[in-house]
Amino acid sequence: MLRVDRSWREDVRRRIPVRYLPQTTPAHLRGTWRQAKPARIEQALAAALRRPTHGWLVAGASTEVPATRSVMRTVAGREVALWRDADGSLLAGPGACPHLGARLHDCDVVDGTVLCRWHGMPLGRDTDPPWNTYAAHDDGVLVWVRLGPVEEGADPTDRPVLAMRPRPEGSIASVISLAATCEPRDIMANRLDPWHGAWLHPYAFSDLRVDDDASSDDRLVLDVAYRLGRTFAVPVRAEFTCPDSHTIVMTITDGEGVGSVVETHATPLTAPGAHPARTVMTEAVVATSDRGGFAVARRMARLVRVGMRASATQLWADDLEYAARRYEMRRRDAGTLEG
Ligand code: FES
Ligand SMILES: [Fe+2]
């Protein structure tokens, strides 16, 4: 009887993921500062920073590079032109035209060749000079260029290190990019401190508990409730891993949307060692669900993406302030040491 009762309850919980979880007021919310040990965050950050990128950095969303126009980005202090070959694959080269230095942004692209806007110089894979001098990769959601330094002991690779994502035909992807005055490590450190979740983003998260037994320096496992207003929330279990030193991935492992991922990529805008440093945070949310309603959501993907981007932007307004403050404090400490 007990078993029947329990399985019935589990079935209901599976069907209806929303829980009655009234939001705690700040006066009653327990501080997490004892758990958010600076040494533990630094240790997890150090482990993440040891993972090589093999020179690959995210340069934006796949949708930002159209079929017949070039776009320009700044990556690690260098201007990069991105465009598409005739077969749709991604090509990348320096952002200044070799003739008189025009910005290779918003130029016509014909059969995979960029036509410079100033005097029409053709620049592409087969032109003279050849102009696809940077390795580039489109993973279907994000575009990457191999422009960063290749770490000691690592080799340049043909592809970036890619995290596991849900199948494109069963998911909805949305991407936001925001810049801040900080270094990539500050964006990583923010994500490696999950304990700030319910405090810094009370409108989005509550009931956050890091599972210390399941976590290690390479993997943070936690239970958290996504807030749907003040009264209801959707509890999930999630884990954070770092495929490379500039990427942190959150994967939902239990609860609503199992397999959904949030990839956060930190791309330096400024050259290595330049200060003040600027970094672009690019976040790709790839959501999936086995619920019937998700098929309907997929049909309204454009509208759903607007909501996904709005909530990610709200979260990152807080998180980039955290990252920038971390950078500012480190610079201040360094100044004190130098002084
Ligand atoms: S500057 Fe590009 S063709 Fe002249
Ligand atoms: Fe956050």
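As the structure is a prediction and not an experimental result, all values here were calculated from the model.

So, how was this worked out
Residues numbered from 1 in each chain as written. Chains lettered and ligands numbered in written order. Predicted model: local features only at pLDDT ≥ 70, side-chain atom pairs only at ≥ 80, totals over all residues. Pairing = 2+ DSSP bridges. Helix = DSSP H or I, 4+ residues; strand = E, 2+ residues; numbered from the N terminus. Axes fitted to C-alpha atoms, helices over the stretch in contact; angles between N-to-C directions. Domains from an automatic or database assignment. Contact = placed C-beta atoms within 7 Å. Parallel < 35°, antiparallel > 145°, perpendicular 65-115°, else oblique. Left-handed = near helix turned anticlockwise from the far one by under 90°. Nonpolar A, V, L, I, M, F, W, Y, C, P; charged D, E, K, R; others polar. Core = buried A, V, L, I, M, F, W, Y, C linked by C-beta atoms within 7 Å. Buried ≥ 20, exposed ≤ 12 C-beta atoms within 10 Å, placed from the backbone.

(A) Summary view of the sheet that holds strand β9 (residues 136-138). What the three strands build is an open sheet, ordered β2-β10-β9; its pairing is antiparallel. Strands with a single pairing partner mark the edges of an open sheet, and in this sheet they are β2 (56-61) and β9. Here the strands of the sheet are splayed against their neighbours by 25° on average, with no regard to which way each runs.

(B) Quick look at the domain arrangement of the protein. Per the domain assignment, the segments of the protein are domain 1 (33-51 + 161-338) and domain 2 (56-146). Here domain 1 and domain 2 have C-alpha centroids that lie 29 Å from each other. Residue-level contacts link 17 residues of domain 1 with 13 residues of domain 2. Broken down by secondary-structure element, the contributors of at least two residues to the side of domain 1 that touches domain 2 are β11 (171-180), β16 (261-268) and β17 (279-288).

(C) Representation of the packing of helix α2 (residues 38-49) against helix α3 (residues 184-191) in the model. Where α2 contacts α3, the axes come no closer than 10 Å and their chain directions differ by 125°. Taken as axis vectors, α2 and α3 run oblique relative to one another. Relative to α3, α2 is oriented so that their crossing is right-handed. Contact residues: I41, L45, A48 and L49 in α2; R185, M188 and A189 in α3. Looking at the contact of α2 with α3 residue by residue, the classes come out as six nonpolar, no polar and one charged.

(D) A look at the nonpolar core. Counting residues in each nonpolar core, the largest one holds 75 residues, and the members touching the most others are A59, L82, V114, A136, W144 and V145. Each of domain 1 (33-51 + 161-338) and domain 2 (56-146) contributes no fewer than three residues to this core. Contacts of W144, omitting those with residues within four sequence positions, involve W56, L57, V58, A59, A136, H137, D139 and P160.

(E) Here's a closer look at α3. Across the eight residues of α3, eight count as buried, placing the element largely inside the fold. P184, R185, D186, I187, M188, A189, N190 and R191 are the residues of α3 that are buried.

(F) Structural detail: unusual backbone geometry. The step from D128 to P129 runs through a cis peptide bond, and the omega angle for that step is 5°. Mapped onto the fold, P129 is located in the loop between β8 (122-124) and β9. With an omega of 0°, the peptide bond between H275 and P276 qualifies as cis.

(G) Seen up close, the sheet that holds strand β6 (residues 108-110). Pairing within the open sheet is antiparallel, and its three strands lie in the order β6-β7-β8. Since the sheet does not close on itself, it has two edges, and those belong to β6 and β8, each with one partner. Neighbouring strand axes in the sheet, compared pairwise and without regard to direction, differ in orientation by 35° on average. In this structure, β6 lies alongside strand β7 (residues 113-115), joined through three bridges in antiparallel fashion. Pairing of V109 across the sheet is with V114, part of β7.

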